[in-house]
Amino acid sequence: MKVVVIIPTYNEKGNIDRLIQILEEEIFSSIKNHEMYILVADDNSPDGTAEVVKKLMEKYKNIELNSGEKKGLGAAYVRAMTYAIETMQADVMFEFDADLSHDPKKIPAFLQKIDEGYDMVIGNRYSDGGSIPQNWPPARKAFSIVANLFVRIVFLRLTIHDWTGGFRALKKEVFLKEKNELEKYNGYIFQISFLHKVVRDGFRIGEVPFSFTDRTLGRSKIAPAGYIFDVLKFVIVTRIKEIIFGKFGKFLVVGGFGFIINAMTLRVLVEYIDWHPAPANLVGAAFAIFSNYNFNNIWTFRERRSRTLGMYLFRMIEFYASSSFGVVVIQTGTIFLGTALLGKEFYFIYFLIGTSFLLLWNFTMYNRVIWRKKSASQVQYCY
Ligand code: GDD
Ligand code: MN
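Residues numbered from 1 in each chain as written. Chains lettered and ligands numbered in written order. Predicted model: local features only at pLDDT ≥ 70, side-chain atom pairs only at ≥ 80, totals over all residues. Heavy atoms only, no water.

Student: Would you mind showing me how to read the sheet that holds strand β6 (residues 168-171) here?
Tutor: Sheet strands pair by backbone hydrogen bonding; their relative direction is either parallel or antiparallel. Pairing is mixed in the open sheet, where seven strands are placed in the order β3-β2-β1-β4-β6-β5-β7. Strands with a single pairing partner mark the edges of an open sheet, and in this sheet they are β3 (63-67) and β7 (205-209). Averaged over all neighbouring strand pairs, the angle between strand axes comes to 20°, with direction disregarded. Across four bridges, the pairing between strand β1 (residues 2-9) and strand β4 (residues 92-95) is parallel. Within β4, the position partnered with V4 by the bridge is M93. Against the sheet, helix α1 (residues 13-27) makes contact with β1, β2 (35-42) and β3, and its axis sits at roughly 170° relative to β2, the strand it touches most. Along the sheet face, helix α2 (residues 49-59) touches β1, β2 and β3 and points at about 155° away from the line of β3. (Pairing = 2+ DSSP bridges. Helix = DSSP H or I, 4+ residues; strand = E, 2+ residues; numbered from the N terminus. Axes fitted to C-alpha atoms, helices over the stretch in contact; angles between N-to-C directions. Contact = heavy atoms within 4.5 Å.)

Take a look at the structure:
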């Protein structure tokens, strides 16, 4: 496969020469099963980084330079990855810092994982032997560890240890899939947002532990306060959106709508036609289940919706059957008992109590049975 190691640079004159020598002389020579290339993504560095790269290009034929306007690390990566795929025909790309913070000796281990079938491999500084610099001040260490733990917990993805790092290898398909969504993440937040989308889309992700070392030359371009703010904002906003617009949010909206249908039918039948609240609730619940089933089918679980009339009807019967115990015994039973013991006056209160019991029941069933089995039709049993 054709592998392009992308090195973003902004004022890395002092580092780029040393790094490229190491890659060419010590690392690439030991990799036999891939064609190795370097792409330097420089943003017209005022210190003349590009001039150094041009000299190296005379010596080594596998180096290219992609220059552009400075818009941030993420923007440089999006530009360079596009170039690597379109102009250099890259199959696999690396993200690699110019300042030697990333251990070049680990490159073969990343490629090994790609060969094993992983779509993206990320450098891990937080476990399995990976590390952050010993000489970092305690506050910086703590922030680095806590920030990554925070992302793992909020995203509920504990198996990925290093969300913010910039030592990665990925197949071109991964970038092409996510490219359109990455263009707004110009800065360092690119790293988390890219990985988040890759995880969301179910790509296979592997990890390689490594020891991150501090740069010895030049300065870091990260602005810590702004970066911390960006990380918190991205993680929290993304998660809230996922909950509201995700399955759980839809589930609540559908259930809420069903509840209103149930309550209105109940009231109309009792107040205007003088029905007994228990059978009136059964009719209301039957309408609500019909509404829930159809909205779940066309909206919440759209991608698994019933495609034939037979399947639609079969699943609807299943849905009614699975809802019947809760609706008949728990919800309507509460109304029946309440009105039998205390009279019909406060039937609506018994309805609310019965519905709360029903929710508890459904929630328990959802956790114990449906969540566990996770089959497509069972996930719909939510009333
Ligand atoms: N072209 C370009 N444009 N390159 C940039 C830019 C930019 O705007 N900003 C930074 N770079 C380059 C640097 O020249 C360096 O090669 C690499 O990106 C990393 O930048 P540093 O300034 O050394 O960042 P860092 O060491 O603080 O951050 C590293 O760790 C972070 C996580 O803790 C990087 O690996 C980040 O990607 C990572 O998020
Ligand atoms: Mn650095």
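We are not done yet, so read on.
Student: Before we go on, may I ask you to explain the packing of aromatic side chains in this structure?
Tutor: Within a pair of aromatic rings, the relevant descriptors are the distance that separates the centres and the angle that separates the planes. Here the structure, examined in full by the defined rule, presents 19 aromatic pairs. Above the face of the Y10 ring, K70 is positioned so that its terminal group lies 4.4 Å from the ring centre. When the ring centre of F348 is taken as reference, the NZ or CZ atom of R267 above it lies at 4.8 Å. (Phe/Tyr/Trp six-rings, centres within 6.5 Å; stacked < 30°, edge-to-face > 60°. Lys NZ or Arg CZ within 6 Å of the ring centre and 35° of its normal.)

Student: I'm lost on unusual backbone geometry in this one. Help?
Tutor: Across residues other than glycine, the phi torsion is negative in most instances, and most of the peptide bonds are trans. For N11, which is not a glycine, the phi torsion comes out positive at approximately 55°. Relative to the assigned elements, N11 resides in the loop between β1 and α1. What makes N11 partly exposed here is its relative accessible area of 28%. Not every positive phi belongs to a glycine, and Q89 is a case in point at roughly 55°. Here Q89 is to be found in the loop between α3 (73-86) and β4. (Buried < 20%, exposed > 50% of the residue type's maximum accessible area, 1.4 Å probe, protein only.)

Student: I keep staring at the site of ligand 1 and nothing clicks. Help me out?
Tutor: Contacts to ligand 1 come from 24 residues, most closely from E12, D43, D97, T164 and K221. At 2.7 Å, a backbone N or O of P8 approaches an oxygen atom of ligand 1. Within the complex, 95% of the 740 Å² of free accessible area of ligand 1 lies under protein. For the shell around ligand 1, the secondary structure elements donating two or more residues are β1 and α3. Here the shell around ligand 1 is composed, by residue class, of nine nonpolar, seven polar and eight charged. (Near = heavy atom within 4 Å. Polar contact = N/O pair within 3.5 Å; in protein donor to acceptor, adjacent residues only side chain to side chain. Areas by Shrake-Rupley, 256 points an atom, 1.4 Å probe, with all protein chains shown as cover. Nonpolar A, V, L, I, M, F, W, Y, C, P; charged D, E, K, R; others polar.)

Student: Looking at this structure, how should I read the pattern of salt bridges?
Tutor: In a structure, side chains of opposite charge can pair up when their charged atoms sit close to one another. Per the stated rule, a full pass over the model turns up 12 salt bridges. Across the pair K177 and D201 runs a salt bridge, and its minimum N-O distance is 3.5 Å. Residue K177 is located in helix α6 (residues 172-182), and its partner D201 is located in the loop between α7 (190-200) and β7; the two are separated by 24 residues in the primary sequence. As a salt-bridge pair, R239 and E242 come within 2.6 Å of each other at their nearest N and O atoms. (Salt bridge = Lys/Arg side-chain N within 4 Å of Asp/Glu carboxyl O.)

Student: Just to check I follow, could you spell out helix α8 (residues 224-245) for this structure?
Tutor: Residues spaced three or four apart along an α-helix face the same direction, because each turn holds 3.6 residues. Taking 1.5 Å as the rise per residue, α8 with 22 residues should run 32 Å; its terminal C-alpha atoms sit 31 Å apart, in good agreement. Burial in α8 covers these residues: Y227, V231, F234, V235, T238 and R239. Taken end-on, α8 shows its buried residues confined to a sector of 105°, consistent with a single buried face. Turned more than 90 degrees off the buried face of α8, the exposed positions are A225, F229 and F245. (Expected span 1.5 Å × (residues − 1). Arc of directions from axis to C-beta.)

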